[in-house]
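Now for the letters of each chain:
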Amino acid sequence: MPRRSPLTGKDGYDLVVVSNRLPVDFTVDDEGHVDWKRSPGGLVTALEPVMQRSDGAWVGWSGAPDLEVEPFDADDMRLVPVTLSATEIERYYEGFSNDTLWPLYHDVIAPPAFHRQWWDAYRRVNQRFADAAAAQAEQGATVWVHDYQLQLVPRMLRDQRPDLKIGFFNHIPFPPLELFQQLPWRRQVIEGLLGADLIGFQRAGDASNFIRAVRRLTGYTTRGPIVTVPGGEDRPSRNVRAAAFPISIDSRTFDELARTPEVQARSREIRADLGDPEVMMLGVDRLDYTKGIRHRIKAYGEILQDGRIDVEHVTLVQVASPSRENVGAYQELREQVEGLVGRINGEYAEIGHAAIHYLHHSYPPEEMAALYLAADVMLVTSLRDGMNLVAKEYIAARSDDRGVLVLSEFTGAADELAGGALLVNPHDIDGMKDIIVAAANMDVREQRKRMRRLRRRVLADDVTKWSESFLGVLQALPSRDTPRAQAPTEGEGA
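Per an unreviewed UniProt entry, the protein chain is named Trehalose-6-phosphate synthase, and its organism is Oerskovia douganii. Check the Subunit (unreviewed entry) section of the UniProt entry for the protein chain; it says "Homotetramer." Per UniProt, the protein chain has the following entry under Function (unreviewed entry): "Probably involved in the osmoprotection via the biosynthesis of trehalose. Catalyzes the transfer of glucose from UDP-alpha-D-glucose (UDP-Glc) to D-glucose 6-phosphate (Glc-6-P) to form trehalose-6-phosphate. Acts with retention of the anomeric configuration of the UDP-sugar donor."

Set out below in structure tokens:
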């Protein structure tokens, strides 16, 4: 049961956020004492102010197996941990979420696996999240559910609490119908999402893919971005809106971080440690097959082979942070990337001049800001990406109006940043090679013109604007899922 809110005096919360992970990391010492620390991230940065204003609650998994923690208060938010067993983590999270949905939603770059046990675990865990959210929400509250791990939660919440206003945001792409149809439980996922009043996507194309899937798989009436979900005996029909709400970063804070003397000094130190190359190229990614790391390194190696650049004057730094190391496709990718880096360094490196500096680590924001400042060319070559916030972080860090962003067409960021970035098709290795070389040789005047345009966009459209935009639309939608006796007249609509 929720505690009484000290801000509102109600037995619940006016805003409940539901995500796979809580915005804190838990640790358990040798004596079994549980401690926590806040985990940095764009989502908590965006939602913390509005959560504090409404004394909101956040429902999510602790990140550790079988860890049972009572709800607690942190930074003026109520945190409500959901317990997952080791088997559920294996089947719901590593299995269905990351070995079924993730590859399916990213254009089947790797083949998805369809296992009924995984689906059963996904349903059970989604129900547990929905139950926890329903228990925390005040009458008529707003509940915002996040991402592909929890696509069944909106409908499960709707069934329990028709009084709620429910939003869902999908942080990754939504696939074309021809791919989505492969999912044996496609209708259940669509029905789960349609429990929401507002479904947000990164790109307009993702929203269109969803609407098309609704038309084909349900037969419900659609009108532009609106889906009409038929009612039952005691409920009227509902209108559900699907729309694009491209996410961003805390760009002002990142800009300020990159301006600090410590970060600027570290940036100069990084370049000195690399031998003060004329051009430093940078890739920053989770080690994931969607990020196009192999394509990028292959193109870079061929540029060296062609003699269009040389290791005395140009170097590539590739940061590949560890990711999903228990999933076989990721283990195989790491071996392939490290083998490719080793081969290129073996063929082209010279004493004091490595062709590629490969770093399989995660770094704090200060070090990332310094790397962005040091880099003349930022390479973002994703094969498929919901948004790609690394591209926006690079732009936010460049208060000097220098640097060139090479950006894949297949990122959500390309829709917003096409006016200043150099767009590439990472499947076209020859075309990508030409654009990388052009980026390395771009004159300062052209760099500044492009970077100023990019910075105006990223600094204006930050993560706070994103969250306020989504919640503003959601809360403005009329409440229609009420008992029929209280239903609005037929002429009213969302």
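Next comes the rest of the write-up.
Engineer: Teacher, can you tell me more about the sheet that holds strand β8 (residues 165–169) here?
Structural biologist: Backbone hydrogen bonds are what pair the strands of a sheet, in a parallel or an antiparallel way. Strand order across the open sheet formed by 10 strands is β5-β6-β4-β1-β7-β8-β9-β12-β11-β10, with mixed pairing between neighbours. Among the strands making up the open sheet, the edge pair consists of β5 (72–74) and β10 (221–223). Direction aside, neighbouring strands of the sheet carry axes that sit 25 degrees apart on average. Where strand β4 (residues 57–61) meets strand β6 (residues 77–82), five bridges bridge the pair, whose relative direction is parallel. Bridging across to β6, Gly 60 finds its partner in Pro 81. Those strands touched by helix α7 (residues 204–218) are β9 (198–201), β10, β11 (226–229) and β12 (238–244), and its axis lies near 145 degrees from that of β12.

Engineer: Explain a negative patch on the surface here, please?
Structural biologist: Taken together, the side chains of Glu 278, Asp 310, Glu 312 and Glu 350 define an acidic patch exposed on the protein surface. Topologically, Glu 350 is positioned in the loop between α11 (328–348) and β15 (356–359).

Engineer: How do you make sense of the packing of aromatic side chains when you look at a structure like this?
Structural biologist: In this description, a pair of aromatic rings is defined by centroid distance and the angle of the planes. Per the counting criterion, the structure on display carries 22 aromatic pairs. Here Phe 169 and Trp 466 contribute two aromatic rings whose centre-to-centre distance is 5.1 Å and whose plane-to-plane angle is 75 degrees, an arrangement assigned as edge-to-face. A residue pair is termed long-range when its members are at least 10 positions apart, and Phe 169 in strand β8 and Trp 466 in helix α17 (residues 463–476) qualify at 297 residues. The exposure class assigned to Phe 169 is buried, which follows from its relative accessible area of 0%. Through a chain of ring-to-ring contacts, the aromatic side chains of Tyr 92, Phe 96, Trp 119, Tyr 122 and Trp 185 assemble into a single cluster. If you follow Arg 21 out to its NZ or CZ, it ends over the ring of Trp 61, 5.6 Å from the centre.

Engineer: I'm lost on the nonpolar core in this one. Help?
Structural biologist: Nonpolar side chains in soluble globular proteins tend to be buried together. Core analysis: the largest hydrophobic core is formed by 103 residues, its most contacted members being Phe 129, Leu 157, Leu 194, Phe 210 and Met 281. Here the element with the most residues in this core is helix α3 (residues 116–136); it accounts for 10 residues. If you look at the next biggest cluster of nonpolar residues, it comprises 68 residues, including Leu 282, Leu 373, Leu 405 and Ala 413.

Engineer: What should I look at first to understand the packing of helix α10 (residues 293–306) against helix α15 (residues 429–440) in this one?
Structural biologist: The description of two packed helices rests on the angle between their axes and on the distance between the axes. Relative orientation of the contacting elements α10 and α15 amounts to 70 degrees, with a least axis distance of 9 Å. Overall, the two elements α10 and α15 adopt an arrangement that is roughly perpendicular. In the packing of α10 onto α15, the handedness of the crossing is right-handed. Residue-level inspection shows His 295, Arg 296, Lys 298, Ala 299, Glu 302, Ile 303 and Asp 306 of α10 in contact with α15, the latter providing Ile 429, Asp 430, Met 432, Lys 433, Ile 436 and Val 437. Looking at the contact of α10 with α15 residue by residue, the classes come out as six nonpolar, one polar and six charged.

Engineer: What exactly am I supposed to notice about the pairing of β11 here?
Structural biologist: In the case of a regular strand, side chains alternate between the two sheet surfaces. In this structure, β10 lies alongside β11, joined through three bridges in antiparallel fashion. Residue pairing in the sheet places Thr 222 in a bridge with Val 227 of β11. Hairpin connection of β10 to β11: two residues between the antiparallel strands, including Gly 224 at a positive phi of 60 degrees.

About the thresholds
Residues numbered from 1 in each chain as written. Predicted model: local features only at pLDDT ≥ 70, side-chain atom pairs only at ≥ 80, totals over all residues. Heavy atoms only, no water. UniProt positions renumbered as here; feature names shortened; annotations may be inferred. Pairing = 2+ DSSP bridges. Helix = DSSP H or I, 4+ residues; strand = E, 2+ residues; numbered from the N terminus. Axes fitted to C-alpha atoms, helices over the stretch in contact; angles between N-to-C directions. Contact = heavy atoms within 4.5 Å. Patch = residues over 30% accessible without salt bridge, like charges linked within 9 Å, V, L, I, M, F, W, Y side chains within 5 Å. Areas by Shrake-Rupley, 256 points an atom, 1.4 Å probe, with all protein chains shown as cover. Salt bridge = Lys/Arg side-chain N within 4 Å of Asp/Glu carboxyl O. Lys, Arg positive; Asp, Glu negative; His and termini not counted. Charge placed at Lys NZ, Arg CZ, Asp CG, Glu CD. Phe/Tyr/Trp six-rings, centres within 6.5 Å; stacked < 30°, edge-to-face > 60°. Buried < 20%, exposed > 50% of the residue type's maximum accessible area, 1.4 Å probe, protein only. Lys NZ or Arg CZ within 6 Å of the ring centre and 35° of its normal. Core = buried A, V, L, I, M, F, W, Y, C linked by side-chain atoms within 4.5 Å. Parallel < 35°, antiparallel > 145°, perpendicular 65-115°, else oblique. Left-handed = near helix turned anticlockwise from the far one by under 90°. Nonpolar A, V, L, I, M, F, W, Y, C, P; charged D, E, K, R; others polar.

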